[in-house]
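Analysis of the macromolecular model
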Amino acid sequence: MLRPFQFKEEAGWSHADQLLLCLDTGSWRTVHPVVDNDKCSYCGFCSLYCPVQCMANKGDHFEPNLTYCKGCGICARECPRKAIAMEKEGDS
Ligand code: SF4
Ligand code: SF4
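Residues numbered from 1 in each chain as written. Chains lettered and ligands numbered in written order. Predicted model: local features only at pLDDT ≥ 70, side-chain atom pairs only at ≥ 80, totals over all residues. Heavy atoms only, no water.

Some details on unusual backbone geometry
Backbone geometry places Tyr-42, a non-glycine residue, at a positive phi of 60°. With respect to the helices and strands, the residue Tyr-42 is situated in the loop between strand 3 (31-35) and helix 2 (45-49). A relative accessible area of 28% means that Tyr-42 is categorised as partly exposed. Even without being a glycine, Gln-53 presents a positive backbone phi close to 55°. Note on placement: Gln-53 falls in the loop between helix 2 and strand 4 (55-57). (Helix = DSSP H or I, 4+ residues; strand = E, 2+ residues; numbered from the N terminus. Buried < 20%, exposed > 50% of the residue type's maximum accessible area, 1.4 Å probe, protein only.)

See the structure below:
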């Protein structure tokens, strides 16, 4: 299914304001990120580095929008607090 969405709504640190036509990248996934909110410092790096800009700002932490998250693991690699673990689909 094709779904357009705006970067601005998904990531407060993005300056992009053009509509992006995004495929259902969530269907590509074999693993998904799980954020440990106790470790998260709300720095926003995961959102900045996410190639599909699907780390949603929840006010005091970030959560992946699994409709779009393709499970690449870049957010987990870039997180300076090691607050993101990649878990297999179906494990949580
Ligand atoms: S990069 Fe890590 S510490 Fe920073 S907001 Fe994301 S999960 Fe939290
Ligand atoms: S695993 Fe990849 S696509 Fe999913 S939230 Fe992290 S950086 Fe974005």
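Some remarks on the nonpolar core
Counting nine residues, the largest nonpolar core is built from Val-35, Cys-46, Met-55, Phe-62, Cys-75, Ala-76, Cys-79, Ala-83 and Ile-84. Discounting residues that sit within four places of it in the chain, Ile-84 has contacts with Pro-33, Val-34, Val-35, Cys-46, Met-55, Cys-75, Ala-76 and Cys-79. Counting five residues, the second largest nonpolar core, distinct from the first, contains Cys-50, Cys-54, Tyr-68 and Cys-69. (Core = buried A, V, L, I, M, F, W, Y, C linked by side-chain atoms within 4.5 Å. Contact = heavy atoms within 4.5 Å.)

Some points on the side chain of Arg-29
The topology assignment puts Arg-29 in the loop between strand 2 (19-22) and strand 3. With relative accessibility at 15%, the residue Arg-29 sits in the buried group. Within the local environment of Arg-29, its side chain forms a polar contact with the backbone oxygen of Cys-69, the two atoms lying 2.9 Å apart. A polar contact of 2.9 Å, which involves the side chain of Arg-29, links it to the side chain of Glu-89. The contacts of Arg-29, once residues within four sequence positions are left out, are Leu-66, Cys-69, Lys-70, Gly-71 and Glu-89. (Polar contact = N/O pair within 3.5 Å; in protein donor to acceptor, adjacent residues only side chain to side chain.)

In short, the description is geometric, and any link to function would need to be established separately.
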